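Observations on chain architecture
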Amino acid sequence: AEDPVLLNGLRASTSFLLLLIPATAMGMTLPLLTRALCAIEPRFGKVLGNLYGFNTIGAMAGVIATEAVLVHVLGIRGSALFAGAIDAGVALCALGLSRRAQPLEPLERPAFELGPVAPLLGAAFVAGFGALALEVVWFRFLLLYVNGTAETFAVMLAIVLGGIAGGGWLAARWLAGDPRAHRHAPALLLLMSFFCAMGYLASPLLVAWLPNGRAYAWIDVVRMGLPLMLPVALASGCFFTLVGTALRDEIGSEAATTGALTLANTIGAGLGSLAGGFMLLPWFGIEGCFFTIGVLFALAGAGLAFSRRSPAKPTGLVAGLAAVPLVLFPHGSMVDFHYGVQKIRYGGEIDATREGLTETIVYLRTSLEDEVVHHRMLTN
């Protein structure tokens, strides 16, 4: 099809239909497993955090194993069949476990008012929206310094997933020791704002680690990506578990709580990834996106704190901390520093830059005695 609208529409609809059944089944597993494990372990927050952590660390292992081993050994088709075989094996194990487990009492339809849970669901939505939009922005930013390969993408994604898993486990341990730790959920959103803006503010220090301003090996991607992405991802995984625990106090049902939480967070994530690539980057650029998403997290954290009856005492202190990198945000450093690194690496002067839908382009001019010798366009 020569019409890009028609072609992209076919791509989107075909992908949606292919992924609809497995993705729907995947979304159902977390609420069902939470319901089953809460019959054994009554502390909902601990169950939710551990399940979320194990599920996400499995996703991280899948990303790394597929890129590092499976595709090279089995190919694309073989890797897909291998993944399907793993799902079938897990299903058989679950079937065996379910036959030995005690049957659960039928669930009653949960009855709750939307008013008390709306701020919690809204915060979960914003956290998912901001995190996935930020993931798109991180990748675009790092592509100024790293090679745009599948290996690079896998390393970046593994850092994000590992951080989210660690946050889930951290929250589970926190809630096991302090059942009221969910009062700190607003502070976690404010911390996400702090780490988002602080990561960009400190980015020139990260670039200084790179030889010649370029990451050639996967370890260089890790060195630059860890300080930029891991703190936000840790706070995100921790926030998901804490806000879910607060939601459980309002709804009552473990399965309904986890389903509503996952629904709000994942819809936000889906819209955030679309908005990050198709709207925020073309509208605000990389630098503006870091600032805008940081402000979004801060506003959501403040709004959630005001909506709660008794937010934790350190929330105000964390709010002040989150404001520091936003006030000191280095507006203009994209032009003054990051584009300048490209100029130093390749020589010449910058004629123009463009942050579009698919990449950031830098157009360089090389002159000799005031005569233009050639132009060079740096692409992804």
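Counting from 1, residues in each chain are numbered in the order their sequence is written. Selection of residues for local features in this predicted model requires a pLDDT of at least 70, selection of side-chain atom pairs for listing and counting requires 80 or more, and totals for whole chains, interfaces and linings are taken over all residues. Water and hydrogen atoms play no part in the side-chain values, which are based on all heavy atoms of the structure.

1. Some points on the overall build of the protein chain
Labels follow the DSSP assignment, with helices taken as runs of H or I lasting at least four residues and strands as runs of E lasting at least two, numbered in each case from the N terminus. Scanning the protein chain from terminus to terminus reveals 10 helices and three strands. The N-to-C order of helical and strand elements in the protein chain reads α-α-α-α-α-α-α-α-α-α-β-β-β. C-alpha atoms define the radius of gyration, and 2.2 Å times the number of residues to the power 0.38 defines the globule rule. Against the globule reference of 21 Å for 380 residues, the protein chain gives a C-alpha radius of gyration of 23 Å, in line with a compact fold. Over its C-alpha atoms, taken along the principal directions, the protein chain stretches across nearly 85 × 50 × 40 Å. Only protein chains enter the accessibility calculation, which uses a 1.4 Å probe; a residue whose area is less than 20% of its type maximum is buried, one above 50% is exposed, and one in between is partly exposed. Across the 380 residues that make up the protein chain, the buried fraction comes to 41%. The contacts of the protein chain with a sequence gap of at least 6 include a subset with a gap of at least 24, amounting to 75%. In this description, contact between two residues means that some pair of their heavy atoms is separated by no more than 4.5 Å.

2. Observations regarding the sheet that holds strand E1 (residues 349–355)
Sheet architecture is open: three strands sit in the order E1-E2-E3, paired in antiparallel fashion. Each edge of the open sheet is held by one strand with a lone partner, namely E1 and strand E3 (371–378). In this sheet, neighbouring strand axes are inclined to one another by 15 degrees on average, regardless of whether the strands run parallel or antiparallel. Paired strands, in this sense, are two strands between which DSSP finds at least two bridges. Across seven bridges, the pairing between strand E2 (residues 360–368) and E3 is antiparallel. By the bridge assignment for E3, leucine 368 is matched with glutamate 371. Throughout, an axis means a line fitted to C-alpha atoms (over the contacting stretch in the case of helices), and angles, computed between N-to-C directions, take values from 0 to 180 degrees.

3. As for helix H2 (residues 44–100)
Across its 57 residues, H2 extends only 23 Å between first and last C-alpha, which sits more than 12% below the 84 Å expected from 1.5 Å per residue. The axis of H2 is deflected most strongly, by about 110 degrees, at glycine 75. By definition here, a helix of n residues has an expected span of 1.5 Å times n minus one. Fitting axes to the seven residues ending at a residue and to the seven starting there, one defines the bend at that residue as the angle between these axes.

4. Things to note about the packing of H2 against helix H7 (residues 218–251)
It is the contact of H2 with H7, at a shortest axis distance of 9 Å, that shows an interaxial angle of 145 degrees. Crossing geometry of H2 relative to H7 is assigned as right-handed. Note on element contacts: H7 touches H2 through Gly237, Phe240, Thr241, Gly244, Thr245 and Arg248, opposite Phe44, Gly45, Leu48, Gly49 and Tyr52. Only Asp, Glu, Lys and Arg are considered charged, only Ala, Val, Leu, Ile, Met, Phe, Trp, Tyr, Cys and Pro nonpolar, and every remaining residue, Gly among them, polar. Classifying every residue of the contact of H2 with H7 gives four nonpolar, six polar and one charged. Should the near helix be turned anticlockwise from the far one by less than a right angle, the crossing is termed left-handed; should it be turned clockwise, right-handed.

5. Some details on empty space enclosed by the protein
A 1.4 Å probe that fits but cannot get out identifies a cavity on a 1 Å grid over protein atoms alone, an open set with protein on both sides within 12 Å along at least five of seven lines counts as a pocket, and a residue lines either if it has an atom within 4 Å of a point. Grid points are joined across faces, edges and corners, and a volume is the space filled by probe spheres set on the points. One pass over the structure, following the stated rule, counts one cavity of 30 Å³ or more. What the largest cavity holds in volume is close to 70 Å³. Among the elements of the structure, helix H3 (114–142), helix H4 (150–177) and H7 are those that each provide at least two residues to the lining of the largest cavity. The residue makeup of the lining of the largest cavity, split by class, is eight nonpolar, one polar and one charged.

6. Considerations on the packing of helix H1 (residues 4–38) against H2
Two numbers describe how H1 lies on H2: the axes approach to 10 Å, and their chain directions differ by 135 degrees. Regarding the angle of H1 to H2, the classification is oblique. When the axes of H1 and H2 are compared, the crossing they make is right-handed. Each of Leu30, Leu33, Thr34, Leu37 and Cys38 in H1 lies in contact with H2, whose residues at this interface are Phe44, Val47, Leu48, Leu51 and Tyr52. Of the residues assigned to the contact of H1 with H2, the class counts are nine nonpolar, one polar and no charged. Here is the rule for angles: anything less than 35 degrees is roughly parallel, anything more than 145 is roughly antiparallel, 65 through 115 is roughly perpendicular, and the remaining ranges are oblique.

7. Here's the deal with the pairing of E2
As paired elements, E1 and E2 share six bridges and run antiparallel to each other. Bridge pairing in E2 places glutamate 355 opposite threonine 360. Counted between consecutive antiparallel strands, the loop separating E1 from E2 contains four residues. Following E2, the chain reverses through two residues before pairing antiparallel with E3; glutamate 369 in that reversal takes a positive phi of roughly 55 degrees.

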